[in-house]
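Survey of secondary and tertiary structure
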Amino acid sequence: MSSCNCGNSNLTIIYSCSGAADLGSLSDLSARKLRDDKVGSMSCLAAVGAGLSGFIESAKAADKCITIDGCAVACAKKKLESIGISSKSFVLTEMGYEKGNTAVNEKTVSEAVSKIKTNICG
Amino acid sequence: MKVIKILGTGCMKCEKLEQSARKAAEEMGIEFTIEKVKDLNKIMDYGVMMTPALVVDDEVKSVGKILDPDEIKKYLK
């Protein structure tokens, strides 16, 4: 948020699981790239998990929440569901990435971001 | 004593939320203070991503909404 955004009617917030495995890292870097590409703002899943009111109320106020999870455990998606929020969910293992066997580099981040952008609507 | 904070950079919507909060507290007859927080870094410290936001006793109650006094009263009980 760089200036007054009162009445901002198109707030999209991106959350990543940022888990310990390679795909957690890929989820995190993909979320950051999407933020840098102005797809939405990025917020902290850990803060939502910690129950911090500002982060929770912001998630509730968003027009759209996008979650990027590394694997089917889907921590980001489920954490938002636990506070009553449905998200547009992306699970990297369901997008062709193998947990424990994925190189996390500029190429894979770019590829994952491209796949997410292609499927972001709907 | 309720400590009310209005997070926002000072536009009309922030002003309206402050007026509603003040009216709610006055109608309830409670002791209160209202502080406007305009510094973006301080607003971000709350994790608030859309303004105006209403904070009561350091807990964020609403984000991105202008609430009417009746809606605010439930947060001041």
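Up top you'll find the structure we're talking about.
All of these numbers come straight from a predicted model, not from anything done at the bench. (Residues numbered from 1 in each chain as written. Chains lettered and ligands numbered in written order. Predicted model: local features only at pLDDT ≥ 70, side-chain atom pairs only at ≥ 80, totals over all residues.)

Considering the sheet that holds strand E1 (residues 12-16) of chain A
Residues and elements named next belong to chain A. Judged by pairing direction, the sheet is parallel, and its four strands sit side by side in the order E2-E1-E3-E4 without closing on themselves. The open sheet terminates on both sides in strands that have one partner only, identified here as strand E2 (41-42) and strand E4 (88-91). As paired strands, E1 and strand E3 (residues 64-69) are joined by five bridges and run parallel to one another. Pairing of Thr12 across the sheet is with Lys64, part of E3. In the packing of helix H4 (residues 75-82) onto the sheet, the strands contacted are E1, E3 and E4, and the crossing angle to E3 comes to about 145°. (Pairing = 2+ DSSP bridges. Helix = DSSP H or I, 4+ residues; strand = E, 2+ residues; numbered from the N terminus. Contact = placed C-beta atoms within 7 Å. Axes fitted to C-alpha atoms, helices over the stretch in contact; angles between N-to-C directions.)

Quick word on the nonpolar core
Counting residues in each nonpolar core, the largest one holds 52 residues, and the members touching the most others are A:Ile13, A:Ala59, A:Ala76, B:Ala21, B:Val48, B:Ala53 and B:Leu54. Aside from chain neighbours lying at most four places away, what touches B:Ala21 is B:Ile4, B:Ile6, B:Ile34, B:Leu54 and B:Ile72. (Core = buried A, V, L, I, M, F, W, Y, C linked by C-beta atoms within 7 Å. Buried ≥ 20, exposed ≤ 12 C-beta atoms within 10 Å, placed from the backbone.)

Observations concerning unusual backbone geometry
Trans peptide bonds make up the majority, and among non-glycine residues the majority have a negative phi. B:Thr51 connects to B:Pro52 through a cis peptide bond whose omega is 0°. Of note, A:Lys38 is a non-glycine position whose phi angle comes to about 70°, a positive value. Tracing the backbone shows A:Lys38 in the loop between helix H1 (22-36) and E2. Even without glycine at this site, B:Asp58 takes up a positive phi of about 70°. Classification of B:Asp58 by C-beta neighbours within 10 Å gives exposed; the count is 10.

Focus on the environment of A:Phe90
Residue and element names in this part refer to chain A. The topology assignment puts Phe90 in strand E4. Taking the C-alpha atoms as reference, Phe90 lies 9.6 Å from Lys115; in sequence the two are 25 residues apart. Once you skip the residues sitting within four places of it in the chain, Phe90 turns out to touch Thr67, Ile68, Met95 and Ile116.

What about the sheet that holds strand E3 (residues 53-56) of chain B?
Residues and elements named next belong to chain B. Pairing within the open sheet is mixed, and its four strands lie in the order E2-E1-E3-E4. Each edge of the open sheet is held by one strand with a lone partner, namely strand E2 (32-37) and strand E4 (59-63). Each strand of the sheet is rotated relative to its neighbour by a mean of 20°, with strand direction disregarded. As judged from the four bridges shared by strand E1 (residues 2-7) and E3, these two strands associate in the antiparallel manner.

Quick notes on the pairing of E1(A)
All names here are of chain A. In terms of burial, E1 is largely enclosed, as four of its five residues are buried. Sheet topology note: the E1/E2 ladder contains two bridges and is parallel. Counted as the bridge partner of Ile13 is Ser41 from E2. Handedness of the crossover is the feature at issue here: the chain leaves E1, passes through H1, returns alongside E2, and the resulting connection is right-handed. (Right-handed = clockwise from strand over helix to strand, strands pointing away.)

Things to note about the environment of B:Val63
When you line up the elements, B:Val63 lands in strand E4. Sequence separation of B:Val63 and B:Glu35 is 28 residues, and the distance between their C-alpha atoms is 16 Å. Other than its neighbours up to four places away in sequence, B:Val63 contacts A:Glu57, A:Ser58, A:Ala61, B:Val48, B:Met50 and B:Ala53.

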